[in-house]
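This is what each chain is made of:
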Amino acid sequence: MQASLTDLTRVFARIGILSFGGPAAQIALMHRELVDERRWLTEEEFLRGLSFCMMLPGPEAMQLATWAGWKQRGTAGGLIAGLLFVLPGAAVVLALAMIYASFGSVPLVRALFEGVQAAVIVIVFEALLRVARRALTRRSHALIAFAAFLGLFALNLPFPVIILAAGLWGALTATGATSEASPPPPNMIRTTFRSAALWATIWLAPLALLALLEGGLLTQIGLFFSQLAVVTFGGAYAVLAWMTQAVVQEKGWLSLPQMIDGLGLAETTPGPLILVTEFVGYLAAHREGGLLWGVAGALVALWATFAPCFLWIFAGAPWIDRLAHAPRLSAALSGITAAVVGVIANLGLWFAAHVLFDRVGLWQAGPLRLLHPEWTSLDPVALLLALAAALLLLRLRLPLPLVLALCAGASAAVAWL
């Protein structure tokens, strides 16, 4: 059954507004709307599209929405579905970033966000458990995850190197029979190249023009998040540690507490978690030029983060039916997904050390570089809030927005006293 553009717009506007809870909840919502209720997609088509989107860099739920729209109404349908999945959350994050930049240093507001930071530690470790259950199905996957963790946590290897190595290892160690697919027709290859060239131009031309006209911070934001868009395999959590290190330690665009606050805000809004890049873009530019410059920074970050998604989908979607004949590609994806477990573990420990301790140093010996928190600087309030968040989220399974609100309120109450 094929949807009209009017129906497609109405359904994906609803999905975009209700897409809370991260990619798992967003994918489940789309499955209910598109497969169970409206029969726009069969179960097999939905799963094939999901597998394809998980192989791509970028937010898989947003790309799944774009693919579903493309499947129904071609490029126009893909644009409508993808944009409606992102724009409601983007509007909310922009409003929250503007409020945060104006009032985030007020003591009471600062105390509220300290409670959110403690809850974010648990949110990241919950994501770690969820991804590990899905990804670590073999002993070799566990070894890849451990190696990825050591590479980041102890050796400070670049994130793209970790992802590339995991993918190559998975592909080279693939087992099982290889099924052969018929050669693709020449017109399919030509169409793919034309589509890739068009959407790569749409993505990169505005950034090139920005570099010519501005050549400063906004250009740096566009280039950084474009680079990030190419390596964001495994979801937002997989790249948050690298992004945090880059924007906090190397570029100095945000402080670490601001970065963690941004993650907490993005967790409470509809849309993909990677919308935290919009928060980063706003705050980085706001520091340099105020409100309008901050809005420009947010828009540049949004463009660089999400424009590539349309390139991946519109160029690659016609090839989805051929993925069943690419076992090495599937094995490479499994290796990358296993590595993501180690990446998220590194992110969780890094966040925990900086939220729970006031002073964190770095111990070095040869190639080893290990975090070294000063135990006397432990913040007992942050520790108690993190333990409370773990109880509420993991044991009592309360809704995430409620847990964030409770932790923020408790932190503010302690500061008031």
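None of these values were measured; they are calculated from a predicted model. Residue numbers run consecutively from 1 along every chain, following the written order of its sequence. Side-chain atom pairs in this predicted model are given and counted only at pLDDT of 80 or more, local residue features only at pLDDT of at least 70, and totals for whole chains, interfaces and linings cover all residues. Excluding hydrogens and water, the side-chain figures rest on all heavy atoms present in the structure.

Asks: Can you walk me through the state of the cysteines in this structure?
Replies: Disulfide: a covalent bond connecting the sulfur atoms of a pair of cysteines. By convention in this document, the label disulfide applies to cysteine sulfur atom pairs within 2.5 Å. Applying the stated criterion to the full structure yields zero disulfides. Here Cys53 is not cross-linked by a disulfide; its sulfur's nearest cysteine counterpart is in Cys309, at 9.4 Å.

Asks: Can you walk me through the pairing of strand 2 (residues 368–373) in this structure?
Replies: Taken residue by residue, a regular strand's side chains alternate between the two faces of the sheet. In this analysis, strands are considered paired if DSSP registers two or more bridges between them. Numbering goes from the N terminus for both helices and strands, where a helix is a DSSP run of H or I of at least four residues and a strand is a run of E of at least two. Two elements, strand 1 (residues 360–365) and strand 2, share six bridges in a ladder whose sense is antiparallel. Following the sheet pairing, Trp363 is matched in strand 2 by Leu370. Between strand 1 and strand 2, which pair antiparallel one after the other, the connecting turn spans two residues, and Gly366 there sits at a positive phi close to 65°.

Asks: Explain the side chain of Thr305 to me, please; I cannot follow it from the model alone.
Replies: The topology assignment puts Thr305 in helix 12 (residues 276–316). Throughout, exposure labels follow a simple rule: accessible area from a 1.4 Å probe, protein chains only, divided by the maximum for the residue type, with under 20% read as buried, over 50% as exposed, and the rest as partly exposed. Among the residues examined, Thr305 registers a relative accessible area of 7% and is labelled buried. By definition in these notes, contact holds between two residues if any of their heavy atoms fall within 4.5 Å. Leaving out residues up to four positions away in the same chain, Thr305 has contacts with Phe225, Ala229, Ile274 and Thr277.

Asks: Would you explain the pattern of salt bridges in this entry?
Replies: Close approach of charged atoms lets side chains of opposite charge pair. A carboxyl oxygen of Asp or Glu within 4 Å of a side-chain nitrogen of Lys or Arg is what we treat as a salt bridge. This structure, assessed with the given rule, holds five salt bridges. With a closest N to O distance of 3.0 Å, Arg10 and Asp7 form a salt bridge. Of this pair, Arg10 and Asp7 both sit in helix 1 (residues 5–18), three residues apart, roughly one helical turn. With a relative accessible area of 49%, Arg10 lands in the partly exposed category. Using a relative accessible area of 29% as the deciding quantity, one classes Asp7 as partly exposed. Here Arg359 and Glu374 are joined by a salt bridge, their closest N and O atoms 2.8 Å apart.

Asks: Whenever I open this one, the layout of surface pockets confuses me. Can you help?
Replies: One water molecule sets the probe size; rolling that probe over the atoms shows where empty space is left. Taken as a whole, the second largest pocket spans an internal volume of roughly 450 Å³. Those elements giving two or more residues to the lining of the second largest pocket turn out to be helix 6 (139–153), helix 10 (236–250), helix 13 (327–356), strand 1 and strand 2. The element best represented in the lining of the second largest pocket is helix 10, accounting for six residues. Counted by class, the lining of the second largest pocket contains 14 nonpolar, six polar and two charged residues. In this analysis the probe radius is 1.4 Å and the grid spacing 1 Å, with only protein atoms considered; a cavity is a set of points the probe fits into but cannot get out of, a pocket is an open set with protein on both sides within 12 Å along at least five of seven lines, and lining residues have an atom within 4 Å of a point. Grid points are joined across faces, edges and corners, and a volume is the space filled by probe spheres set on the points. Only Asp, Glu, Lys and Arg are considered charged in this grouping, and only Ala, Val, Leu, Ile, Met, Phe, Trp, Tyr, Cys and Pro are considered nonpolar; every other residue, Gly among them, is considered polar.

Asks: What's the story with the nonpolar core in this structure? I'm lost.
Replies: For the purposes of this section, nonpolar cores are sets of buried Ala, Val, Leu, Ile, Met, Phe, Trp, Tyr and Cys residues that join through side-chain atoms within 4.5 Å. Met30, Ile221, Phe225 and Trp253 are the most contacted members of the largest nonpolar core, which has 131 residues in total. Tallying contributions element by element places helix 12 first for this core, with 21 residues. Apart from residues lying up to four places away in sequence, Trp253 is in contact with Leu217, Gln220, Ile221, Phe224, Phe225, Val247, Val280, Ala284 and Arg287.

Asks: Where do I start with the environment of Val92 in this structure?
Replies: Here Val92 lies in helix 4 (residues 60–103). Spatially, the C-alpha atom of Val92 lies 9.5 Å from that of Leu265, the residues being 173 residues apart in sequence.

Asks: So what exactly am I meant to see when it comes to a positive patch on the surface here?
Replies: Candidate patch residues must exceed 30% relative accessible area and have no salt bridge, after which like charges are joined if within 9 Å and Val, Leu, Ile, Met, Phe, Trp or Tyr side chains if within 5 Å. Accessible areas in this description were obtained via Shrake-Rupley with a 1.4 Å probe; residue shielding takes into account the shown protein chains only. We count Lys and Arg on the positive side and Asp and Glu on the negative side, and we leave His and both chain ends out. In plain terms, the charge of a residue is placed at NZ if it is Lys, CZ if Arg, CG if Asp and CD if Glu. A cluster of basic residues, Arg130, Arg133, Arg134 and Arg397, forms a positive patch at the surface. Mapped onto the elements of the fold, Arg133 is located in helix 5 (residues 107–135). A residue is classified by how much of its surface remains accessible, and Arg133, at 65% relative accessible area, is exposed.

Asks: Would you explain unusual backbone geometry in this entry?
Replies: The phi torsion of most residues other than glycine is negative, and most of the peptide bonds are trans. Despite not being glycine, Arg39 shows a phi value in the positive range, around 60°. Within the secondary structure layout, Arg39 lies in the loop between helix 2 (22–37) and helix 3 (43–54). On the basis of relative accessible area, Arg39 is assigned to the exposed category, the value being 58%. Look at Arg397: it is not a glycine, yet its phi comes out positive at around 55°. Relative to the helices and strands, Arg397 resides in the loop between helix 14 (380–395) and helix 15 (400–416).

Asks: When you look at helix 9 (residues 217–231) in this model, what are you seeing that I'm missing?
Replies: For the α-helix, the turn length of 3.6 residues means that residues three or four positions removed from each other point alike. Here helix 9 is 15 residues long and its end C-alpha atoms lie 22 Å apart, about the 21 Å a rise of 1.5 Å per residue gives. Most of helix 9 sits inside the fold, with eleven of its 15 residues counted as buried. Any helix carries an expected span of 1.5 Å times its number of residues minus one.

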